[in-house]
Amino acid sequence: MRLRDKVALITGAGGGIGRETATLFAREGAAIIAVDIDDAGGDATVAEVVAGGGRASYVHADVSVADDCQKMIAAAEGTYGKLDVLFNNAGISHAEDDDAINTSEAVWDLTMQVNVKGVFLGCKYGIPALQRAGGGSIINTASFVAVLGAATPQLAYTASKGAVLSMTRELALIHARENIRVNALCPGPLRTELLMKYLDTDEKKNRRLVHIPMGRFGEAHEIAKAALYLASEESSFVTGSTFLVDGGITAAYVTPE
Ligand code: NAD
């Protein structure tokens, strides 16, 4: 087992990448604090972990709210005695996120609150817990859009993920000698709820697929496996990385026919 006796807190654990990661980490021996604002989704994740013989607790917390973030970290230490892995994964992609002219301030602010401030607050309250545990691994979910632009604009989302990436680099340096590693996990387009509700026609899906050398969307479980690597000792010399798991998108100029 690659996470034996570890305690992992996963935000956005009520679905998508978060749920896949919770079940995978639990199978690898970790106790899970599953955080979300979707109580039904969070409870379902815990039930799946427990059914697989693992340990998990659900905590309702909005990552954009400081008190909630303090509460989720306290829950990890209170329930399982420590925190070893912090996966700041919760994120939103707003349906009305567009270009500079058409994105409202409200959509911009909400996206920044959840995607950027949420990661900041997770780190603000999570890093002291990792220090108390003698070190650990932080994984922040950014995106391939942090390094590549798209003519199908989601300006607030793209900017928010750029912020996650640069925040991650700086945190990695600040804590590099404290046995705390901080990496940005950058998924390519995935077949999860978050993207599929936005690409709601075949035409929109195909407009994306032509840019993916592998010719398909990624799956949440493929991102969970990358998160497992970053969480475990196997990545013990990896920090501050832009960890792209993207089906080859960022390598491509012309994709295969
Ligand atoms: P998802 O929508 O399936 O899951 C996101 C989860 O976060 C949901 O359960 C949601 O309830 C929760 N959440 C939303 N706001 C929250 C808040 N304020 N506090 C706590 N929880 C909250 O999406 P996913 O595809 O699993 O996305 C996970 C992460 O991966 C996000 O940060 C997303 O931006 C990123 N990402 C996704 C893709 C993709 O194609 N799906 C690509 C790159 C990056």
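Whatever comes next refers back to the structure up there.
Residues numbered from 1 in each chain as written. Predicted model: local features only at pLDDT ≥ 70, side-chain atom pairs only at ≥ 80, totals over all residues. Heavy atoms only, no water.

## A word on the pairing of strand β3 (residues 55-60)
Each regular strand carries side chains that alternate between the two faces of the sheet.
Step number 1: Two strands pair when backbone bridges link them, and strand β2 (residues 31-36) and β3 are joined in this way by 6 bridges, in the parallel orientation. Note on β3: the bridge partner recorded for D36 is H60.
Step number 2: This β-α-β element, β2 to helix α2 (residues 39-51) to β3, shows right-handed connectivity. (Pairing = 2+ DSSP bridges. Helix = DSSP H or I, 4+ residues; strand = E, 2+ residues; numbered from the N terminus. Right-handed = clockwise from strand over helix to strand, strands pointing away.)

## Here we look at the layout of surface pockets
Step number 1: Approximately 330 Å³ is the volume found for the second largest pocket.
Step number 2: Lining the second largest pocket are 19 residues, with G136, S137, N179, R181 and E233 positioned closest to its centre.
Step number 3: For the lining of the second largest pocket, the elements supplying multiple residues, two or more each, are β5 (136-141) and β6 (180-187). (1 Å grid on protein atoms, 1.4 Å probe; cavity = no way out; pocket = protein on both sides within 12 Å on 5 of 7 lines; lining within 4 Å. Points joined across faces, edges and corners; volume = space filled by probe spheres on them.)

## Some details on the site of the ligand
Step number 1: Near the ligand lie 28 residues; those nearest to it are I17, D36, Y157, L190 and T192.
Step number 2: Between the ligand and I17 there is a distance of 2.8 Å, counted from an oxygen atom to a backbone nitrogen or oxygen.
Step number 3: Separating an oxygen atom of the ligand from a side-chain N or O atom of K161 is a distance of 2.9 Å.
Step number 4: In isolation the ligand offers 830 Å² of accessible surface; the protein chains occlude 92% of this area.
Step number 5: Those elements that provide at least two residues to the shell around the ligand are α1 (16-27), α5 (155-174) and α6 (193-196).
Step number 6: When grouped by side-chain class, the residues that make up the shell around the ligand number 14 nonpolar, 10 polar and 4 charged. (Near = heavy atom within 4 Å. Polar contact = N/O pair within 3.5 Å; in protein donor to acceptor, adjacent residues only side chain to side chain. Areas by Shrake-Rupley, 256 points an atom, 1.4 Å probe, with all protein chains shown as cover. Nonpolar A, V, L, I, M, F, W, Y, C, P; charged D, E, K, R; others polar.)

## Some points on the pattern of salt bridges
Step number 1: For the coordinates displayed, the defined rule picks out 6 salt bridges.
Step number 2: A salt bridge links D200 to K204; the nearest nitrogen and oxygen atoms lie 3.0 Å apart.
Step number 3: Put simply, E222 and R216 hold a salt bridge, and the shortest N to O gap is 2.8 Å. (Salt bridge = Lys/Arg side-chain N within 4 Å of Asp/Glu carboxyl O.)

## A few points about the pairing of β6
Step number 1: The buried count for β6 comes to 8 of 8 residues, which makes it a mostly enclosed element.
Step number 2: Alternating residues of β6 divide into I180, V182, A184 and C186 and R181, N183, L185 and P187, and every residue in both groups is buried.
Step number 3: Two elements, β5 and β6, share 6 bridges in a ladder whose sense is parallel. Across the sheet, residue I139 finds its bridge partner in β6, namely N183.
Step number 4: Following the chain from β5 across α5 to the adjacent parallel β6, one finds a crossover that is right-handed.
Step number 5: Two strands pair when backbone bridges link them, and β6 and strand β7 (residues 242-245) are joined in this way by 4 bridges, in the parallel orientation. Looking at β7, one finds that L185 is bridged to F243. (Buried < 20%, exposed > 50% of the residue type's maximum accessible area, 1.4 Å probe, protein only.)

## Let's talk about the sheet that holds strand β1 (residues 7-11)
Step number 1: Spatial ordering of the open sheet is given by β3-β2-β1-β4-β5-β6-β7, a layout of 7 strands whose pairing is parallel. What marks the edges here is a single partner per strand, and that holds for β3 and β7. For this sheet the average axis-to-axis angle between neighbouring strands, irrespective of direction, equals 20°.
Step number 2: In this structure, β1 lies alongside strand β4 (residues 85-88), joined through 3 bridges in parallel fashion. Each bridged residue has a counterpart across the sheet, and for I10 the counterpart in β4 is F87.
Step number 3: Its contacts with the sheet put α5 on β5, β6 and β7, and the angle it makes with β6 is roughly 160°. (Axes fitted to C-alpha atoms, helices over the stretch in contact; angles between N-to-C directions. Contact = heavy atoms within 4.5 Å.)

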